[in-house]
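Given next are the chains, with one letter for each unit.
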Amino acid sequence: MTNFTRRKTLTRLVLVNIVLLALVLIWNHQRHTSTVAVAVAKSKQMMDMPAAAMNLPAEYFLDSTAVQGIVNTSDQLASVFADGDFAYLSSIPLSEGEARYWQDEGCSSDSCALAIYYDYANGGALEAIIDLDTQNVVASWKNDNARPGGSSEVMPIAVEIAGADPQVQAVLGEIGDVDPAMIPMSGWLADDLCAEDFCVDLTFHDPAGTGRIVHVFVNLETEQVARIFYTWSRGSLSSQTSGPAQRLQ
């Protein structure tokens, strides 16, 4: 084999490897973008932000009224609803991996969703898989130990309860004028009814400017504020801040 032939063969191999590498990078980017989009959609659903504002496809955001219509009128769940006091909390589209567990019932990532209700009479959550195309309940179960987090349905109720509390007013003023520090989380208090009841933790930056975080635990079952307390937050870090100098020994 001449030197020219070797160089020609080597050039071809290099070009083929470059093309294959480019294809792999494009595939990984598209897959990563899709995964991130789903994660963002799920974590942000409680804020009811329009899909267009988040640059996400509309299918990541469900019509809660339509979801409740499917679940509330299901013959399969009629006896379950009769034995409890259920309130709709949220609904989440199933990913491709999640939908495969119900693929025999016709589920795909584009057609099925998980709907979550809380039973205020007996505690625990009712979780149902619904087919948005056929408008049927595919599967359902009661999760007695579930403590669902905040949602677009829970948030205004919790804020209204907190806003009517004199202690909260003394610390935060009109709570509707204060931006939350983060999304509401489900919470427990070992020495309170929140050890068993459905409670959420609302968090706000201290308006006094101390740098602390104000936690307002709201009991959604008794419709009262269970506790107010402070924790410290981490200060903003400058992008110019560098870590301690290191040296080679």
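Residues numbered from 1 in each chain as written. Predicted model: local features only at pLDDT ≥ 70, side-chain atom pairs only at ≥ 80, totals over all residues. Heavy atoms only, no water.

A. Highlighting the overall build of the protein chain. From N to C terminus, the protein chain includes six helices and eight strands. When burial is assessed residue by residue, the protein chain has 32% of its 249 residues classed as buried. Of the contacts made within the protein chain by residues no fewer than 6 positions apart, 50% connect residues no fewer than 24 positions apart. Total accessible area computed for the protein chain in this model is approximately 15800 Å², and 54% of it derives from carbon and sulfur atoms. (Helix = DSSP H or I, 4+ residues; strand = E, 2+ residues; numbered from the N terminus. Buried < 20%, exposed > 50% of the residue type's maximum accessible area, 1.4 Å probe, protein only. Contact = heavy atoms within 4.5 Å. Areas by Shrake-Rupley, 256 points an atom, 1.4 Å probe, with all protein chains shown as cover.)

B. Representation of the state of the cysteines within the structure. Inspection of every chain in the model, using the stated rule, returns two disulfides. One disulfide in the model links Cys194 with Cys199; its S-S distance is 2.1 Å. On the S-S bond that ties Cys194 to Cys199, the torsion sits near -90 degrees, and the link is left-handed. Each member of the pair, Cys194 as well as Cys199, is classed as buried. Look at the protein chain and number its bonded cysteines as they come in the sequence; the links are 1-2, 3-4. (Disulfide = S-S within 2.5 Å.)

C. Seen up close, the side chain of Thr203. Relative to the elements of secondary structure, Thr203 occurs in strand E6 (residues 199-205). Among the polar contacts listed, one links the side chain of Thr203 to the backbone nitrogen of Met182, at a separation of 3.5 Å. Those residues in contact with Thr203 that sit more than four places away from it in its chain are Pro180, Ala181, Met182, Ile213, Val214 and His215. (Polar contact = N/O pair within 3.5 Å; in protein donor to acceptor, adjacent residues only side chain to side chain.)

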